[in-house]
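Listed below are the residues making up each chain.
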Amino acid sequence: MLMVGKMLANGYGIRKDVQRAMSIFEQVWNGGYYKAAGEIGDTFQFEYPKNQESLSNALKWYQRGAEKGDAWCCYRLGWFLTRPGAGMDEERGYNYLLRAMDYTQAINYLLLCIITADYYNSRSPIDVLSPNVIAFIFSEAERRAEYGFSDLQMSLG
């Protein structure tokens, strides 16, 4: 059902119907499949009008999924909390990103936060996380870069 909802939300092989997709996602969530929270959050973020209400709803759903341990929701929530100029809880955001390390995007974003913190006058992961955790981020990035992840190759370079 989650995949049917994704197809409807994005118009993959079927006429796009965001409202129907959201109904399916909520059924899936209520049935106990917590990955639906990320789909609901993404739908609020990318398919609804860009306003404060949609953003608040997206964050609410990412938080729900993160509380259930969903790595995608941890990534999205970490991204929101740490993006430059957001003025949010960066330390909490970095910890969510660490919980999302299954996603190469999370590792790459952590690297970019380290690289660009001075430019954006924000707190770097170096200011918040232990040296051992920073070393782990770099070693994991290097390991995955050797497997051909070009985004990590570029960030490490």
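Bear in mind the structure is a predicted one, so any value in this text is a computation, not a measurement.

K.L.:
It is not clear to me how the overall build of the protein chain should be interpreted in this structure. Could you clarify?
P.N.:
If you tally the helices and strands in the protein chain, you get 10 helices and zero strands. Principal-axis analysis of the C-alpha atoms gives the protein chain an extent of 45 × 35 × 25 Å. For the protein chain, buried positions account for 46% of its 157 residues. Contacts spanning at least 24 positions in sequence make up 48% of the contacts within the protein chain whose residues lie at least 6 apart. Accessible surface, the protein chain as shown: approximately 8,700 Å² in total, 51% of it carbon and sulfur. Charge-centre separation for the protein chain: the mean point of 16 positive side chains lies 8 Å from the mean point of 18 negative side chains.

K.L.:
Teacher, can you tell me more about helix H3 (residues 36–47) here?
P.N.:
Owing to its 3.6 residues per turn, the α-helix aligns residues three or four sequence positions apart on the same side. Given a rise of 1.5 Å per residue, 12 residues ought to cover 16 Å, and the 15 Å separating the end C-alpha atoms of H3 matches this to within 8%. Of all 12 residues in H3, 10 are buried; the element is thus mostly enclosed. Here H3 has its buried residues at Ala36, Ala37, Gly38, Glu39, Ile40, Gly41, Asp42, Thr43, Phe44 and Gln45. Looking at the buried residues of H3, the elements they touch are helix H1 (2–10), helix H2 (18–30), helix H4 (52–67) and helix H5 (71–82).

K.L.:
What is the right way to look at the layout of surface pockets in this model?
P.N.:
One way to see where empty space is left: roll a probe the size of a water molecule over the atoms. What the largest pocket holds in volume is close to 200 Å³. If you trace the largest pocket, you find it lined by Lys6, Ala9, Asn10, Tyr12, Glu39, Asp42, Thr43, Phe46, Glu47 and Trp72. For the lining of the largest pocket, the secondary-structure elements that each account for two or more residues are H1 and H3. When residues of the lining of the largest pocket are assigned to their parent elements, the largest contribution, five residues, is made by H3. By residue class, the composition of the lining of the largest pocket is four nonpolar, two polar and four charged.

K.L.:
I would appreciate a short explanation of the packing of H5 against helix H6 (residues 90–99) in the present structure.
P.N.:
In helix packing, the relevant descriptors are the interaxial angle and the interaxial distance, both defined with respect to the helix axes. For the pair H5 and H6, interaxial distance at closest approach is 7 Å and the crossing angle is 155°. With respect to each other, H5 and H6 are oriented roughly antiparallel. Regarding H5 and H6, the two cross each other, and that crossing is left-handed. Each of Ala71, Cys74, Tyr75, Leu77, Gly78, Trp79, Leu81 and Thr82 in H5 lies in contact with H6, whose residues at this interface are Glu90, Arg92, Gly93, Tyr94, Tyr96, Leu97 and Arg99. Residue classes in the contact of H5 with H6 are distributed as nine nonpolar, three polar and three charged.

K.L.:
Mind showing me how you'd approach the packing of aromatic side chains here?
P.N.:
The geometry of an aromatic ring pair is captured by two quantities: the separation of the ring centres and the angle between the planes. Using the criterion set out here, one finds seven aromatic pairs in the structure. Taken together, a centroid distance of 5.3 Å and an interplanar angle of 70° make the contact between Trp29 and Tyr34 edge-to-face. Classification of Tyr34 by relative accessible area gives partly exposed; the value is 33%. Ring centres of Trp72 and Tyr103 lie 5.3 Å apart, and the angle between their planes is 70°; this geometry places the pair in the edge-to-face category. Note that Trp72 is positioned in helix H5 and Tyr103 in the loop between H6 and helix H7 (104–120), a separation of 31 residues in sequence. Here a set of aromatic residues connected by ring pairs shows up, and it is made of Trp29, Tyr34 and Trp61. Here Arg64 stacks its cationic end above the ring of Trp61, 4.2 Å away from the centre of that ring. Lying over the aromatic face of Trp79, Arg76 brings its terminal NZ or CZ to 5.3 Å of the ring centre.

What counts and how
- Residues numbered from 1 in each chain as written.
- Predicted model: local features only at pLDDT ≥ 70, side-chain atom pairs only at ≥ 80, totals over all residues.
- Heavy atoms only, no water.
- Helix = DSSP H or I, 4+ residues; strand = E, 2+ residues; numbered from the N terminus.
- Buried < 20%, exposed > 50% of the residue type's maximum accessible area, 1.4 Å probe, protein only.
- Contact = heavy atoms within 4.5 Å.
- Areas by Shrake-Rupley, 256 points an atom, 1.4 Å probe, with all protein chains shown as cover.
- Lys, Arg positive; Asp, Glu negative; His and termini not counted.
- Charge placed at Lys NZ, Arg CZ, Asp CG, Glu CD.
- Expected span 1.5 Å × (residues − 1).
- 1 Å grid on protein atoms, 1.4 Å probe; cavity = no way out; pocket = protein on both sides within 12 Å on 5 of 7 lines; lining within 4 Å.
- Points joined across faces, edges and corners; volume = space filled by probe spheres on them.
- Nonpolar A, V, L, I, M, F, W, Y, C, P; charged D, E, K, R; others polar.
- Axes fitted to C-alpha atoms, helices over the stretch in contact; angles between N-to-C directions.
- Parallel < 35°, antiparallel > 145°, perpendicular 65-115°, else oblique.
- Left-handed = near helix turned anticlockwise from the far one by under 90°.
- Phe/Tyr/Trp six-rings, centres within 6.5 Å; stacked < 30°, edge-to-face > 60°.
- Lys NZ or Arg CZ within 6 Å of the ring centre and 35° of its normal.

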